[in-house]
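A structural walkthrough
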Amino acid sequence: MKGKTLTRFTKGLLDFMFYAGIAVTVTLPVSVKIYGHFNSYFEQFYIHLIILFAISGVLAELILYELRNMFRTVLANDCFVEANVKSLNRMGTYSFLIALVTAGRLLLYLTPAVMIVILVFVIAGLFSKVLSQVFDRAVAYKLENDLTI
């Protein structure tokens, strides 16, 4: 029961993050404009940052979408399915793309935070790709086991 509660809480948190992420991505032009009053870098590279953040935001939303789909299978107690293998593989690709887009910020302004974000998403991409292979094997074993009487 305790594990199920944590899973449901996590699913709720993912749902909140998904819808909040949509709101943040849609309001980027206003947010960046306001923050530009406090940080001249954001004012100077306004259009560039809107484009980079919007692309990263959409990719992050796609990751959250895939995670939400995966959590539905966890809640249904059927997580070793081919759909999750594909979701993990796509999440890895989206993570690598976020790292690549974020690397574009290095051309505008170099900060340690940008380097850390790139590293985090490269690691997340690698983790997702490897985990997709693990899930693929688990799905194969499960299907083989399901056929055994």
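Residues numbered from 1 in each chain as written. Predicted model: local features only at pLDDT ≥ 70, side-chain atom pairs only at ≥ 80, totals over all residues. Heavy atoms only, no water.

Taking 1.5 Å per residue, 36 residues should reach 52 Å; helix α6 (residues 112-147) reaches 52 Å between its end C-alpha atoms and fits that length. Looking at the packing, one finds that the buried side of α6 touches α5 (82-104). (Helix = DSSP H or I, 4+ residues; strand = E, 2+ residues; numbered from the N terminus. Expected span 1.5 Å × (residues − 1). Contact = heavy atoms within 4.5 Å.)

Further remarks concern the packing of helix α4 (residues 46-75) against α5. The geometry of α4 relative to α5 is characterised by a closest axis approach of 9 Å and an angle of 160° between their N-to-C directions. One way to sum up the angle between α4 and α5 is to call them roughly antiparallel. Note that α4 runs across α5; the crossing there is left-handed. Here α4 contributes Leu 52, Ile 55, Ser 56, Leu 59, Ala 60, Leu 62, Ile 63, Glu 66, Leu 67, Met 70 and Thr 73 to the contact with α5, which in turn contributes Asn 84, Ser 87, Leu 88, Arg 90, Met 91, Tyr 94, Ser 95, Leu 97, Ile 98, Val 101, Thr 102 and Gly 104. Class assignment of the residues belonging to the contact of α4 with α5 gives a composition of 14 nonpolar, seven polar and two charged. (Axes fitted to C-alpha atoms, helices over the stretch in contact; angles between N-to-C directions. Parallel < 35°, antiparallel > 145°, perpendicular 65-115°, else oblique. Left-handed = near helix turned anticlockwise from the far one by under 90°. Nonpolar A, V, L, I, M, F, W, Y, C, P; charged D, E, K, R; others polar.)

Just geometry here; none of it tells us what the structure is for.
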